[in-house]
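# Structural overview
Each chain, letter by letter, is given below.
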Amino acid sequence: MNYYFITGSSKGLGKSLTELLLEDENNFVYGIARTSSIKHERYIHTNMDLSNLDEVENYLFPELNNVNRIILVNNAGMVGDVNRVGKIDNKKIIDCYNLNLISPVILINNFISKYTSLSCEKMVLNISSGAGRTPIDGWNVYCSTKAGIDMFSQVLKEEAKIDNSNVTVLSLAPGIIDTDMQVQIREAKESAFSSIEKFIEYKKDGDLTLPDVTAKQVYRFITEKDLSTNVLCSVRDLSE
Ligand SMILES: NC(=O)c1ccc[n+]([C@@H]2O[C@H](COP(=O)([O-])OP(=O)(O)OC[C@H]3O[C@@H](n4cnc5c(N)ncnc54)[C@H](OP(=O)(O)O)[C@@H]3O)[C@@H](O)[C@H]2O)c1
């Protein structure tokens, strides 16, 4: 059996990916989000606020039997308060770093610790963003959380190589997806975000990818071994 742990499995990309994985009877998914929208015999949901680090620290990865692969997908994320530095809501700064960066790091730490003695292949797939690799005004906190997860992923890969630990690591930018996150981006104040018109145009022009389509692209990075030899990758690297 392949066991997946997916954060943000209730909607958007995480929900589409979970539903796609559940089509294969060899896959079992543990989902984590504040709300639940999937019922399936091979799906177990944990209600958790991943901005609350006490809750994250207390999450216990289960004992697993008959394991082929174990995969942790850190997908839950938010763009946070789109604003100029000096005007950002401090509570939202903390929530955004907790959700996008610190909770994935704690989950990875506990995931590696829990399953290190299992000889099966393990994978950590972090859903990053092009915004972690290019500065975008108004998204200071979001960009820096994604840059942080990119670097954490690269260091993890170095450690996995040294330790020969059978852990694959990717930090994957998923492109621009038609989800609630994009709704929130389009609701930003123009004075806080100079690219807002561009994002409104993306939606009008049909340039946003449906989450089910992006999920299929993400699935390829999970299942096609060595599709990306670089830790930092993007669905835009796919040729077809
Ligand atoms: N959409 C894009 O264009 C785009 C572009 C680049 C990267 N990304 C990245 O792709 C990932 C998925 O984004 P999406 O567009 O699918 O977003 P979305 O539709 O807003 O979904 C976000 C998911 O994260 C969960 N989540 C949010 N806050 C949470 C919290 N405090 N605790 C637990 N779960 C929480 C949500 O579940 P609940 O509300 O039920 O908790 C939901 O399942 C994110 O990491 C995002 O940064 C998205």
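Notes on the structure in this doc start here. (Residues numbered from 1 in each chain as written. Predicted model: local features only at pLDDT ≥ 70, side-chain atom pairs only at ≥ 80, totals over all residues. Heavy atoms only, no water.)

Across the 11 residues that make up helix α1 (residues 12-22), a large majority, eight, are buried. Of the residues making up α1, those classed as buried are Leu 13, Gly 14, Ser 16, Leu 17, Thr 18, Leu 20, Leu 21 and Leu 22. On its buried face, α1 is in contact with β1 (2-7), β2 (27-33), β3 (43-47), β4 (69-74), β5 (121-127) and α7 (211-223). (Buried < 20%, exposed > 50% of the residue type's maximum accessible area, 1.4 Å probe, protein only. Helix = DSSP H or I, 4+ residues; strand = E, 2+ residues; numbered from the N terminus. Contact = heavy atoms within 4.5 Å.)

In this section: the site of the ligand. In the vicinity of the ligand there are 30 residues, among which Ser 10, Thr 35, Asn 75, Tyr 142 and Thr 179 approach most closely. Within the backbone of Ile 177, an N or O atom sits 2.9 Å from an oxygen atom of the ligand. Of all elements in the fold, only α1, α4 (140-163) and α5 (180-186) reach the threshold of two or more residues within the shell around the ligand. The biggest single contributor to the shell around the ligand is α5, with three residues. Split into classes, the residues belonging to the shell around the ligand amount to 12 nonpolar, 13 polar and five charged. (Near = heavy atom within 4 Å. Polar contact = N/O pair within 3.5 Å; in protein donor to acceptor, adjacent residues only side chain to side chain. Nonpolar A, V, L, I, M, F, W, Y, C, P; charged D, E, K, R; others polar.)

Counting 27 residues, the largest nonpolar core has Phe 5, Leu 50, Tyr 59, Ile 70 and Phe 111 as its most contacted members. Within the residue set of this core, elements represented by two or more residues are β1, β2, β4, α3 (90-115), α4 and β6 (167-173). Excluding residues that lie within four positions of it along the chain, Ile 70 makes contacts with Tyr 3, Phe 5, Leu 64, Phe 111, Tyr 115, Leu 118, Cys 120, Glu 121, Lys 122 and Met 123. With 25 residues, the next largest nonpolar core counts Tyr 4, Val 73, Ile 127 and Val 218 among its residues. (Core = buried A, V, L, I, M, F, W, Y, C linked by side-chain atoms within 4.5 Å.)

With that out of the way, let us pick up the sheet that holds β5. Overall, parallel pairing links the seven strands, which are arranged β3-β2-β1-β4-β5-β6-β7 in an open sheet. On the outer flanks of this sheet lie β3 and β7 (232-234), each paired with one strand and no other. Within the sheet, the average angular offset between the axes of one strand and its neighbour, ignoring direction, is 20 degrees. Summarising the sheet, β2 and β3 pair through five bridges and their orientation is parallel. In the sheet register, Val 29 faces β3, and the bridge partner there is Tyr 43. (Pairing = 2+ DSSP bridges. Axes fitted to C-alpha atoms, helices over the stretch in contact; angles between N-to-C directions.)

One pass over the full model with this rule turns up 15 aromatic pairs. Here the aromatic rings of Phe 61 and Phe 111 are separated by 5.7 Å at their centres, their planes lie at 70 degrees, and the arrangement is edge-to-face. With a gap of 50 residues between them, Phe 61 in the loop between α2 (53-57) and β4 and Phe 111 in helix α3 connect regions that are remote in the sequence. For the pair Phe 61 and Phe 111, a shared accessibility class is recorded, and that class is buried. Among the aromatic residues, those joined into a ring-pair cluster are Tyr 3, Phe 5, Phe 28, Tyr 30, Tyr 59, Phe 61, Phe 111 and Tyr 115. (Phe/Tyr/Trp six-rings, centres within 6.5 Å; stacked < 30°, edge-to-face > 60°.)

Time to look at the pairing of β2. Most of β2 sits out of view: seven of its seven residues are buried. Alternating positions in β2 separate into two faces, Asn 27, Val 29, Gly 31 and Ala 33 on one and Phe 28, Tyr 30 and Ile 32 on the other, with burial throughout. Where β1 meets β2, six bridges bridge the pair, whose relative direction is parallel. Of the residues in β2, the one forming a bridge with Thr 7 is Ile 32.

Attention now goes to the packing of α1 against α7. Axis separation between α1 and α7 bottoms out at 8 Å; the angle between their running directions is 60 degrees. By crossing handedness, the relation of α1 to α7 is classed as right-handed. Judged by residue contacts, Gly 12, Leu 13, Ser 16, Leu 17, Leu 20 and Leu 21 of α1 engage Pro 211, Asp 212, Thr 214, Ala 215, Lys 216, Val 218, Tyr 219 and Ile 222 from α7. A per-class count over the contact of α1 with α7 returns nine nonpolar, three polar and two charged. (Left-handed = near helix turned anticlockwise from the far one by under 90°.)

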